[in-house]
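Chain by chain, the residues:
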Amino acid sequence: MQIIYKIDVIFTIIYSIILLVTGGILFIFSEKPFIFLITLLIELVYLGIVFKTPLRRYRASKKKFPVEWREFVMENSNFYRVINDNAKLQFELDMRLFLTDFSIRSVRQGEVDFALKLFIASCFATILNGRPSWEPPIKDGVIVYPGETFNRHYELGKGNRAGQATINSPLLVTEESLIKSAQHSGDGFNVIYHEVAHYFDMEDGIAEGLPLARMNKESIEKWKSVIGREWENAFNGNSILGPYAGTNEAEHFAVGVEFFFEKPVQLYRYHKELYEIISEFFNLDTRVLLSI
Ligand SMILES: [Zn+2]
């Protein structure tokens, strides 16, 4: 994540110039001063809207990374502990920007425990660490459900859903699945990695295990063959990813992402090509980072 993106600055400058030139021409031909004033007013409103988020992010980035947050990630993030100083700075920036820009709220009244908020933000900071120019694929924050599961009617304590990713909707996760993900780092289960992988997958509108919106277009065919083959292996019980990864290609990709961040050495050893395509996607070599 970044405070402001170059491409946005370029477009803002272009639109501002077009607006001012148009207003200037209208003013010259009409000779009415109020047209010039209205143009300036529109320009100010436009700049205020465009720079609202970057200004908020800038203010957040200037705050010191709190000591308690550093203690938390040192204790709870295997990834943070092993990355170099520059990567740590990006990680810390991503956590601050995520918590500034994305709401994490409870489905019931009351606040979500702050440690869980830090955990969620640290998972996003992990996923995005190799791609500093990427934004999280979610649009409407995170909603935490109390308990362990909910069903398709969102009834608490029923069904078997620990999380849910629906495009253009908030990421839903249960409190217990977050606690389990945080407490057992390295066991292959992490509800945030799993659901965020679904969001990446669905950005092109289809959940088929191919995050087409952000992937290298030259590698589409390779992805299709690797995901298709590995999914079949899981379906037939021949994968360390377990039976759930055999549900379909989309679930296979989501579980693969969990393993990529939680058990990269094992993923590389038994499913090397799957590891490699996920590694290229996130621009990270977790096997090397986390085997130290
Ligand atoms: Zn899933």
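Residues numbered from 1 in each chain as written. Predicted model: local features only at pLDDT ≥ 70, side-chain atom pairs only at ≥ 80, totals over all residues.

K.L.:
For this particular structure, what's the right way to read the overall build of the protein?
P.N.:
Along its length, the protein carries 14 helices and four strands. Overall, the protein is about 80 × 45 × 45 Å in size when its C-alpha atoms are taken along their principal axes. Relative to its 292 residues, the protein shows a buried fraction of 34%. Within the protein, residue pairs in contact and separated by at least 24 positions form 61% of the contacts whose partners lie at least 6 positions apart. (Helix = DSSP H or I, 4+ residues; strand = E, 2+ residues; numbered from the N terminus. Buried ≥ 20, exposed ≤ 12 C-beta atoms within 10 Å, placed from the backbone. Contact = placed C-beta atoms within 7 Å.)

K.L.:
Looking at this structure, how should I read the pairing of strand 4 (residues 171-174)?
P.N.:
If a strand is regular, its side chains alternate between the two faces of the sheet. Here strand 4 shows two buried faces, one formed by Leu171 and Val173 and the other by Leu172 and Thr174. Inspection of the sheet shows strand 2 (residues 142-145) paired to strand 4 by four bridges, in the parallel sense. Along strand 4, the bridge assignment pairs valine 144 with valine 173. Sheet topology places strand 3 (residues 163-164) next to strand 4; two bridges connect them, and they run antiparallel. (Pairing = 2+ DSSP bridges.)

K.L.:
For this particular structure, what's the right way to read the sheet that holds strand 3?
P.N.:
The strands making up a sheet are joined through hydrogen bonds of the backbone, oriented either antiparallel or parallel. Taken in spatial order, the four strands of this open sheet run 1-2-4-3, and their pairing is mixed. Strands at the two margins of the open sheet, each flanked by one partner only, are strand 1 (104-106) and strand 3. With three bridges joining them, strand 1 and strand 2 adopt parallel strand pairing. Following the sheet pairing, arginine 105 is matched in strand 2 by isoleucine 143.

K.L.:
Explanation requested: the nonpolar core in the structure shown.
P.N.:
Buried together is how nonpolar side chains tend to be arranged in soluble globular proteins. In terms of nonpolar packing, the biggest core is built from 65 residues, with Ile120, Phe124, Val144, Val173, Tyr193, Val257 and Ile278 touching the most fellow members. Contacts of phenylalanine 124, omitting those with residues within four sequence positions, involve Asp94, Phe98 and Pro136. (Core = buried A, V, L, I, M, F, W, Y, C linked by C-beta atoms within 7 Å.)

K.L.:
Could you clarify how one ought to interpret the domain arrangement of the protein in this entry?
P.N.:
Quite often, the size of an interface is put as the accessible area lost when its parts meet. What the domain assignment lists for the protein is domain 1 (6-61) and domain 2 (63-290). A separation of 38 Å is found between the C-alpha centroids of domain 1 and domain 2. Domain 1 puts five residues into the contact, and the matching count from domain 2 is six residues. The residue makeup of the side of domain 1 that touches domain 2, split by class, is one nonpolar, two polar and two charged. (Domains from an automatic or database assignment. Nonpolar A, V, L, I, M, F, W, Y, C, P; charged D, E, K, R; others polar.)

K.L.:
Got a minute to help me understand unusual backbone geometry in this structure?
P.N.:
If a residue is not glycine, its phi is most likely negative; likewise, a peptide bond is most likely trans. In this structure, glutamate 31 takes a positive phi of about 60° despite not being glycine. With respect to the helices and strands, the residue glutamate 31 is situated in the loop between helix 1 (6-30) and helix 2 (33-50). Positive phi values are uncommon outside glycine, yet asparagine 168 reaches one of about 65°. By the secondary structure assignment, asparagine 168 is in the loop between strand 3 and strand 4. We classify asparagine 168 as exposed; it has 8 C-beta atoms within 10 Å.

K.L.:
What exactly am I supposed to notice about helix 8 (residues 175-183) here?
P.N.:
Note that an α-helix has 3.6 residues per turn; residues three or four places apart therefore point the same way. Looking only at helix 8, the buried set comprises Ser177, Leu178, Ser181 and Ala182. Along the axis of helix 8, the buried positions cluster into a sector of 135°, meaning they face one direction only. The inward-facing, buried residues of helix 8 contact helix 4 (67-76), helix 7 (114-128), strand 2, strand 3, strand 4 and helix 9 (191-202). (Arc of directions from axis to C-beta.)

K.L.:
Please clarify how helix 13 (residues 272-282) should be interpreted in this entry.
P.N.:
Restricting attention to buried positions, one finds in helix 13 the residues Leu274, Tyr275, Ile277, Ile278, Phe281 and Phe282. Those residues of helix 13 hidden inside the fold are in contact with helix 7, helix 10 (220-235), helix 11 (249-262), helix 12 (264-270) and helix 14 (286-290). Taken from the residues just after helix 13, asparagine 283 is the one with a positive phi, measuring 55°.

K.L.:
Any chance you could explain the packing of helix 11 against helix 13 here in plain terms?
P.N.:
The description of two helices packed together rests on the angle between their axes and the distance between the axes. Following both chains from N to C, one finds helix 11 and helix 13 inclined at 85°, their axes separated by 10 Å at the closest point. Our classification of the angle between helix 11 and helix 13 gives roughly perpendicular. Across the interface between the two elements, Gly256, Val257 and Phe260 from helix 11 touch Leu274, Tyr275 and Ile278 from helix 13. Here the contact of helix 11 with helix 13 is composed, by residue class, of five nonpolar, one polar and no charged. (Axes fitted to C-alpha atoms, helices over the stretch in contact; angles between N-to-C directions. Parallel < 35°, antiparallel > 145°, perpendicular 65-115°, else oblique.)

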